[in-house]
Amino acid sequence: MSKVHQYMSRLQWKLVVIFLLLTIASVQLIGVFIIRILEERYNDDFIKDLEIQAQSIEVPLQTILSNNHAKDDNRTVTEESKEVDALLKKLTISKDMQIQVLNENGIVLGTTSSSKNQIIGTKNVYANLYNTSSKTIRRDPNTNVDYQIYTRPIKNHNGDLIAVVYIEASLQPVYTKISIITKQLIAIAALVLVSSAFLIVLLARTITSPLEEITKKTTEMATGNFDIQVKVYSQDEIGKLATAFNNLSSDLQKALSQKEEEKEKLESVVANMSDGVIATDRNGQIIVKNRWAEKILNRPIQLGDSIEKVLPISDPPLLPLNTKRQTFLALDSEDNEENTIVKVTFTPIKPQGQEEMVSLITILQDVTEEEKLDRQRKDFVANVSHELRTPLTTIKSYLESLEDGAIHEPELAMRFLKVARQESDRMTRLIHDLLQLSRLDAKQTRFIKKAITLSTMLEDVVDRFSMQCKQKKIDLSLQISSHLPHVYVDRDKIDQVLDNLLSNAVKFTPEGGKIVVSAKRQKNGMVKVSVADTGIGIPKKDLSRIFERFYRVDKARSRSMGGTGLGLAIAQEIVRYHEGEIWITSEYQKGTKVSFTLPPCEPEVTG
Ligand SMILES: Nc1ncnc2c1ncn2[C@@H]1O[C@H](COP(=O)(O)OP(=O)(O)O)[C@@H](O)[C@H]1O
Ligand SMILES: [Mg+2]
């Protein structure tokens, strides 16, 4: 700001100095001119006075001197001088003036000077004894005073020079007058200078102060404030500048607010995208990011950071990037043992007709779920093939053994045939389960829901398994809370779920264990059914995947017990079709509890 002031006052000072110099020069010129004229005028007047003085004694002198010449040629200088002196005495002259009368040889005949005795009879060296009158100036070397000298020749009627009137007068009075006038002129000039300086400063101010204001406002505008107008004082060039400035600032403000609006729109689009977005400049420094990007990467992102620092990938994009590139990123997630899989897409942005990118857009997509589903699908196909081939291989090898002669040993043949039948049973079960799952997936399964008394259903299930449990010395019990509502379910399907849960419990609970089937109403109205056992339990790492198709903690063991690994997956589908939930809690080596919820029967359905 102070710089601006300095600059403005400098312009002001320049104007003032230029105008003042001009004024001084013109005042000086005029002054010199006036003084010259005055000097001439005074000198002329002064000489005229001397001339008049000389003229006044011309006639008497002619008379005196020509009479004397006529009477007696031998008259002495002293005689002439006496008469001249008498004439001169009659004159009244100022003390600064001296009149001398000289004879034709320059000898002083008479003088008005007080020291006449020393002068009379001497030769006047300053006078010009010519036929015409003359005016010269002499400086007295002793007093340094200038004297105006005027000489006038006196001639008789024959035209002969008979005398010279010599008048000298100090020029001091003239000089004094002129110096007084000069002083007055200087005073006037000074007054003119001061007043014009004042006016010039005023003028300069009227030019510079609007400029100063505009400069100040422009500087303010540069800081980003566009809501600025300057006052328009006049319609001249400066006024036009001010108007142009005002138009500029309002146009800029309009354009800026439009841009701001666009930017806000874009920002809200970016902010509300369900993908993470990071944009960088051509050097890889982040200029835009959204909340999702931070959430996916699970770290704060600062604008200005480099993309390489933010993205933990081993092969960061080499900038400038030419074509779109995709890569995957595995991030540790806190709550889950599984990694978060992020698909990272780099897209270089090139302005039309340009080869080089100006910015890089990075899109981050959390594809953990998709990846998981994809993996499960692939696993499923592999699993199905494997599960079908195992029994087939077994059957084939037993049949070959029979072919090779075992058929002739009835006991062995019977055993082989039994195994082959068991294996084909397993294949049938497997195919049955697969078909059921695929029908559930394709939503082709029909559910015939009815109001069912849950306690009866549970009692029936417990009855079905009591025999098995007795054999395995497992204590199977039922705990049903009172006031249990009816449930609105497809009984066959829920029976299937219960059968699977109980068969698992029996399968994985060693002799002497305990199984409890319980049912109670939850706070949200749903009825919760649980099957808890004191069996081998499930290790923590397997718990999250236990509902996946074919997922089994111990494949060999499960298979040997006739399991397909599809039971829990089917149970989950069925429970979900009833808008219920199924979950499992387990402690390895201690026991497992599988619970699921069922919808209660609404009053109008029970009728
Ligand atoms: N009550 C349980 N106790 C211990 N492990 C269990 C229990 N229930 C299920 N599991 C584990 O879950 C796996 C999947 O069960 P499931 O889908 O019913 O398949 P399957 O019974 O055919 O093996 C089982 O192989 C077993 O490892
Ligand atoms: Mg099972």
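Please read these numbers as outputs of a predicted model, since none were measured by experiment.

Draft legend 1. Representation of the overall build of the chain. Across its full length, the chain holds 16 helices and 17 strands. In terms of overall dimensions, the chain is more spread out than a globule: its C-alpha atoms have a radius of gyration of 67 Å, far above the 25 Å expected for 607 residues. A burial count over the chain gives 22% of its 607 residues as buried. Of the contacts formed within the chain by residues at least 6 apart in sequence, a portion of 57% connects residues at least 24 apart.

Draft legend 2. Looking closely at the domain arrangement of the chain. When the domains of the chain are assigned, the result is domain 1 (13–177), domain 2 (273–363), domain 3 (372–441) and domain 4 (450–606). Taking only C-alpha atoms, the centre of domain 1 and the centre of domain 3 are 162 Å apart.

Draft legend 3. Layout of the pairing of strand β15 (residues 527–533). β15 sits mainly inside the fold: five of its seven residues count as buried. Where strand β14 (residues 514–521) meets β15, seven bridges bridge the pair, whose relative direction is antiparallel. Within β15, the residue paired with R521 across the bridge is V527. The pairing of β15 with strand β17 (residues 591–598) spans seven bridges and is classified as antiparallel. Note that in β17 the partner of S530 across the bridge is S595.

Draft legend 4. Focus on the pairing of strand β3 (residues 134–139). The sheet contact formed by β3 and strand β4 (residues 146–155) spans six bridges and is antiparallel. Residue pairing in the sheet places T136 in a bridge with I149 of β4.

Draft legend 5. Seen up close, the sheet that holds strand β10 (residues 359–366). Spatially, five strands are ordered β7-β6-β10-β9-β8 in an open sheet, and the strand pairing comes out antiparallel. Edge strands, defined here as strands with exactly one partner in the open sheet, are β7 (286–289) and β8 (325–331). Within this sheet the neighbouring strands show an average axis-to-axis angle of 20°, counted without direction. In this sheet, strand β9 (residues 340–349) lies alongside β8 in antiparallel orientation, the contact comprising seven bridges. Its bridge partner being in β9, F328 is matched across the sheet by K343.

Draft legend 6. The nonpolar core, seen in detail. Within the largest apolar cluster, 36 residues are counted, with the highest numbers of intra-cluster contacts made by V497, L501, L502, I515, V531 and A571. Listed by contribution, the elements that provide at least two residues to this core are α11 (454–472), β13 (487–489), α12 (491–507), β14, β15, α15 (567–577) and β17. Considering every element that reaches this core, the biggest residue donor is α12, with seven residues. Among all residues touching I515, those that are not within four sequence positions of it are C469, I474, L476, A505, V506, T509, V531 and D533.

Draft legend 7. Focus on the sheet that holds strand β12 (residues 475–480). Spatially, the five strands line up as an open sheet ordered β12-β14-β15-β17-β16, and their pairing is mixed. Edge positions in the open sheet fall to β12 and β16 (582–587), since each of these has one partner strand only. Here the average twist between neighbouring strands, direction ignored, is 15°. Direction of pairing for β16 relative to β17: antiparallel, over a ladder of six bridges. Note that in β17 the partner of I582 across the bridge is F596.

Draft legend 8. View of the environment of P600. Counting through the fold element by element, P600 comes out in the loop between β17 and α16 (603–606). Residue P600 is classed as buried on the basis of its 21 C-beta neighbours within 10 Å. In this structure the C-alpha to C-alpha distance between P600 and V487, which are 113 residues apart in sequence, comes to 4.3 Å.

Draft legend 9. Focus on the site of ligand 1. The environment of ligand 1 is made up of 21 residues, and the closest members are F508, R552, G563, G567 and L568. Elements that contribute at least two residues to the shell around ligand 1 include exactly α12 and α15. Counted by class, the shell around ligand 1 contains eight nonpolar, ten polar and three charged residues.

Draft legend 10. Examining unusual backbone geometry more closely. With phi around 55°, N298 is a residue other than glycine that occupies positive phi space. Accessibility expressed as a C-beta count within 10 Å gives 11 for N298, which makes it exposed. With a phi angle near 55°, K443 is a residue other than glycine that sits in the positive phi range. Look at K443 and you get exposed, because 8 C-beta atoms sit within 10 Å.

Draft legend 11. Representation of the environment of T243 in the model. By the secondary structure assignment, T243 is in helix α6 (residues 237–271). Taking the C-beta count within 10 Å as the criterion, T243 has 13 such neighbours and is therefore assigned partly exposed. Once the C-alpha coordinates of T243 and T112 are considered, the two residues, 131 residues apart in sequence, prove to be 84 Å apart.

Draft legend 12. Representation of α15. Here α15 lies mainly inside the structure; eight of its eleven residues are buried. Those residues of α15 that fall on the buried side of the exposure criterion are G567, L568, A569, I570, A571, Q572, I574 and V575. Each element contacted by the buried residues of α15 is listed here: α10 (410–441), α12, β16 and β17. Just past α15, the residue E579 takes up positive phi, approximately 60°.

Draft legend 13. Molecular detail of α6. For α6, with 35 residues, the first-to-last C-alpha span of 49 Å sits near the 51 Å given by 1.5 Å per residue. As for α6, its buried residues are in contact with α5 (172–222).

Draft legend 14. Looking closely at the packing of α5 against α6. Look at α5 against α6: their axes get within 10 Å of each other, and the N-to-C directions meet at 15°. With respect to their mutual orientation, α5 and α6 come out roughly parallel. Considering only the axes of α5 and α6, their crossing is left-handed. Note on element contacts: α6 touches α5 through I238, L241, A242, F245 and S249, opposite I207, P210, L211, I214 and M221.

Draft legend 15. Just the environment of S209, in detail. Locating S209 in the fold gives a position in helix α5. Look at S209 and you get partly exposed, because 14 C-beta atoms sit within 10 Å. Each C-alpha atom, one on S209 and one on Q12, is 9.1 Å from the other, the two residues being 197 residues apart in sequence.

Draft legend 16. Quick peek at the packing of α11 against α12. Two elements in contact, α11 and α12, have axes separated by 10 Å at closest approach and are oriented at 25°. Considered as vectors, α11 and α12 are oriented roughly parallel to each other. You can see that α11 and α12 cross each other, and the crossing is right-handed. The residues of α12 that touch α11, namely those facing M457, V461, F465, Q468, C469 and K472, are R491, I494, D495, L498, D499, L502 and V506. Taken together, the residues that form the contact of α11 with α12 break down as eight nonpolar, one polar and four charged.

Analysis parameters
- Residues numbered from 1 in each chain as written.
- Chains lettered and ligands numbered in written order.
- Predicted model: local features only at pLDDT ≥ 70, side-chain atom pairs only at ≥ 80, totals over all residues.
- Helix = DSSP H or I, 4+ residues; strand = E, 2+ residues; numbered from the N terminus.
- Rg over C-alpha atoms; globule rule 2.2 N^0.38 Å.
- Buried ≥ 20, exposed ≤ 12 C-beta atoms within 10 Å, placed from the backbone.
- Contact = placed C-beta atoms within 7 Å.
- Domains from an automatic or database assignment.
- Pairing = 2+ DSSP bridges.
- Axes fitted to C-alpha atoms, helices over the stretch in contact; angles between N-to-C directions.
- Core = buried A, V, L, I, M, F, W, Y, C linked by C-beta atoms within 7 Å.
- Near = placed C-beta within 6 Å.
- Nonpolar A, V, L, I, M, F, W, Y, C, P; charged D, E, K, R; others polar.
- Expected span 1.5 Å × (residues − 1).
- Parallel < 35°, antiparallel > 145°, perpendicular 65-115°, else oblique.
- Left-handed = near helix turned anticlockwise from the far one by under 90°.

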